[in-house]
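# Observations on chain architecture
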Amino acid sequence: MEKTWFLIQSISDGLLKDLDEGTLRSWLETVLPKVLAFFWSVVLALIIYFVGTKIINLFRRGIKKGLQRHDAEIGVQQFLDGVIKAIGYIVLVLIILRLFGIETTSFAAAIASLGLTIGLALQGSLSNFAGGVLILILKPFVVGDYIVEDTHGNEGTVTEITIFYTKLLTLDNKTVVVPNGVLANASLTNVTNADKRMVNLVFSISYSDDIKEAKKVIRKTVEKIEGRYDDEIKVFVHELGSSSVDIGVRFWVPMNNYWPIRWQTLEDVKYALEAAGLTIPYQQLDIHQK
């Protein structure tokens, strides 16, 4: 018991001696300011992030309204909005890093030292960014156009042109995301670039039918189609097939009414040919057995 009491007394005397010598006080004076400084840096960083995001959003809205007043294309508005957003958040992150004592110069030097690796990693993204700039300058398509990307067969209505990607909305309401680099460096078909489009159809009749009568029936049927342009209707023999004579017909229609008029023409000509006693043949194969 006496030994235990002696040990406790020794520890107490040691602590009191440390306190008297100022060891604990010196430790607190050294560590406590750093902890408080880090705490206030975190609080200030959160405040700067909150305020900074508000400023970025206000600046983006102001730029968007200015572009709208000058009737800028929607694709240009979307692309510049993405660029401003990216630059704004990069600047905001650099400001926050400086609060914690991280110098942006050393940070940039670290990135530069990994330049080759980063360049290879971002090669595709930089290509897509450059592709987006080329799309906005050369304007092979704009938001609202229906395009067909020939390399991979992607097609749809352009709904958005971002920094790196272009979004297409398909006929069955699917969203296809295509890299800008692909669209800038590959061939594509802009279906809706012009105000009018040609309906080009082929109808088959039997070899025993009268070609002139068939052409007359097709022409009269097309003349009754509503919504087409009053341009010349071309009806001609398209091809002499293996089991049919193919009659072609071409005429112009407004771009917005292309598909309804095409569907209506197919239906009307089919009924007209049947009403005139003309045969719409199907492929036949004659087998001779010895």
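For clarity, every value in this text was computed on a predicted model and none was experimentally measured. (Residues numbered from 1 in each chain as written. Predicted model: local features only at pLDDT ≥ 70, side-chain atom pairs only at ≥ 80, totals over all residues. Heavy atoms only, no water.)

### Description of helix α9 (residues 258-275)
Worth spelling out the cut-off: Numbering of helices and strands runs from the N terminus; a helix is a DSSP stretch of H or I covering at least four residues, while a strand is a stretch of E covering at least two. How far a helix is expected to stretch is found by multiplying one less than its residue total by 1.5 Å. A contact between two residues is defined here by any heavy atoms of the two lying within 4.5 Å.
The first and last C-alpha atoms of α9 sit 26 Å apart over 18 residues, in line with the 26 Å expected at 1.5 Å per residue. Buried-residue contacts for α9 involve β6 (196-205), α8 (211-223) and β8 (245-254). Just past α9, the residue Gly277 takes up positive phi, approximately 80°.

### Quick look at a nonpolar patch on the surface
Put simply, the rule reads: Two distance rules govern patches: like charges are joined within 9 Å, and nonpolar side chains (Val, Leu, Ile, Met, Phe, Trp, Tyr) within 5 Å, applied only to residues with over 30% relative accessible area and no salt bridge. With residues, only the protein chains shown are counted as cover, and all accessible areas are computed by Shrake-Rupley using a 1.4 Å probe. Here, a salt bridge means any side-chain nitrogen of Lys or Arg that lies within 4 Å of a carboxyl oxygen of Asp or Glu. Three labels apply to residues, based on accessible area from a 1.4 Å probe with only protein chains included: buried if under 20% of the type maximum, exposed if over 50%, partly exposed otherwise in between.
A contiguous nonpolar patch, built from Leu44, Ile47, Phe50, Val51 and Ile55 and spanning about 460 Å² of accessible area, is present on the exposed surface. Of the residues examined, Ile55 reaches a relative accessible area of 51% and is grouped as exposed.

### A look at the packing of aromatic side chains
Our working rule: By convention, a stacked pair of Phe, Tyr or Trp rings (six-membered ring in the case of Trp) has centres within 6.5 Å and planes under 30 degrees apart, an edge-to-face pair has planes over 60 apart, and any other such pair is tilted. Placement of a positive charge over a ring is assigned whenever Lys NZ or Arg CZ falls within 6 Å of the ring centre and within 35 degrees of the normal to the ring plane.
Using the criterion set out here, one finds two aromatic pairs in the structure. Their ring planes at 80° and their centres at 5.0 Å tell us that Tyr258 and Trp259 sit as a pair that is edge-to-face. According to the relative accessible area criterion, Tyr258 is buried, its value standing at 6%. Classification of Trp259 as partly exposed rests on a relative accessible area of 42%. Where Trp259 meets Trp263, the ring centres are 5.8 Å apart and the plane angle is 35°; that geometry is what we call tilted. Of this pair, Trp259 and Trp263 are both found in helix α9, four residues apart, which corresponds to roughly one turn of the helix. Residue Trp263 is classed as exposed on the basis of its relative accessible area, which comes to 53%. In this structure an aromatic cluster arises from ring pairing among Tyr258, Trp259 and Trp263. Lying across the ring of Tyr229, Lys196 places its NZ or CZ 5.9 Å from the centre. Looking at Lys196, its charged tip hangs above the ring of Trp252, at a distance of 4.9 Å from the centre.

### Here we look at the packing of α8 against α9
Here is the rule we go by: Every angle, taken between N-to-C directions, lies between 0 and 180 degrees, and every axis is a line fitted to C-alpha atoms, over only the stretch in contact when it is a helix. Convention used here: angles under 35 degrees read as roughly parallel, angles over 145 as roughly antiparallel, angles from 65 to 115 as roughly perpendicular, and any remaining angle as oblique. Working rule for handedness: look at the near helix, and if it is turned counterclockwise from the far one by less than a right angle, call the crossing left-handed; if clockwise, right-handed.
The interhelical angle for the contact between α8 and α9, taken along N-to-C directions, is 140°, at an axis separation of 9 Å. When the axes of α8 and α9 are compared, the pair comes out oblique. Considering how the two elements wind past one another, α8 and α9 form a crossing that is right-handed. Within the contact between the two elements, α8 uses Ala214, Val217, Ile218, Thr221 and Val222 and α9 uses Thr265, Asp268, Val269, Ala272 and Leu273.

### Description of the pattern of salt bridges
For the structure on display, the rule yields five salt bridges. Across the pair Asp81 and Arg60 runs a salt bridge whose closest N-O atoms are separated by 2.8 Å. Here Arg60 lies in helix α2 (residues 23-69) and Asp81 lies in helix α3 (residues 74-99), a separation of 21 residues in the sequence. For Asp81, a relative accessible area of 23% translates into the label partly exposed.

### Observations regarding the side chain of Asp145
Note the following rule: Positive charges come from Lys and Arg, negative ones from Asp and Glu, while His and the chain ends are left out of the count. Counting of polar contacts relies on pairs of N or O atoms within 3.5 Å, with two restrictions inside protein: one atom must be capable of donating a hydrogen and the other of accepting it, and residues adjacent in sequence are counted only when both atoms are side-chain atoms.
Assignment of secondary structure puts Asp145 in the loop between α6 (123-138) and β1 (146-149). Of the side chains with opposite charge, Lys139 lies nearest to the buried Asp145, which makes no salt bridge, at 11 Å. Separated by 3.1 Å, the side chains of Asp145 and Asn190 make a polar contact. For Asp145, the contacting residues outside a window of four places in its chain are Gly156, Thr157, Val158, Asn190 and Thr192.

### Points about the sheet that holds β6
What counts here: If DSSP finds at least two bridges between two strands, the strands pair.
The strand order across the open sheet built from three strands is β6-β8-β7, with neighbouring strands paired in antiparallel fashion. The sheet is open, and its two borders are formed by β6 and β7 (234-240), each paired with just one other strand. Between one strand and the next, the sheet's axes are offset by a mean angle of 30°, whatever the strand orientation. α8 rests against β6, β7 and β8 of the sheet, and its axis sits at about 20° to β8.

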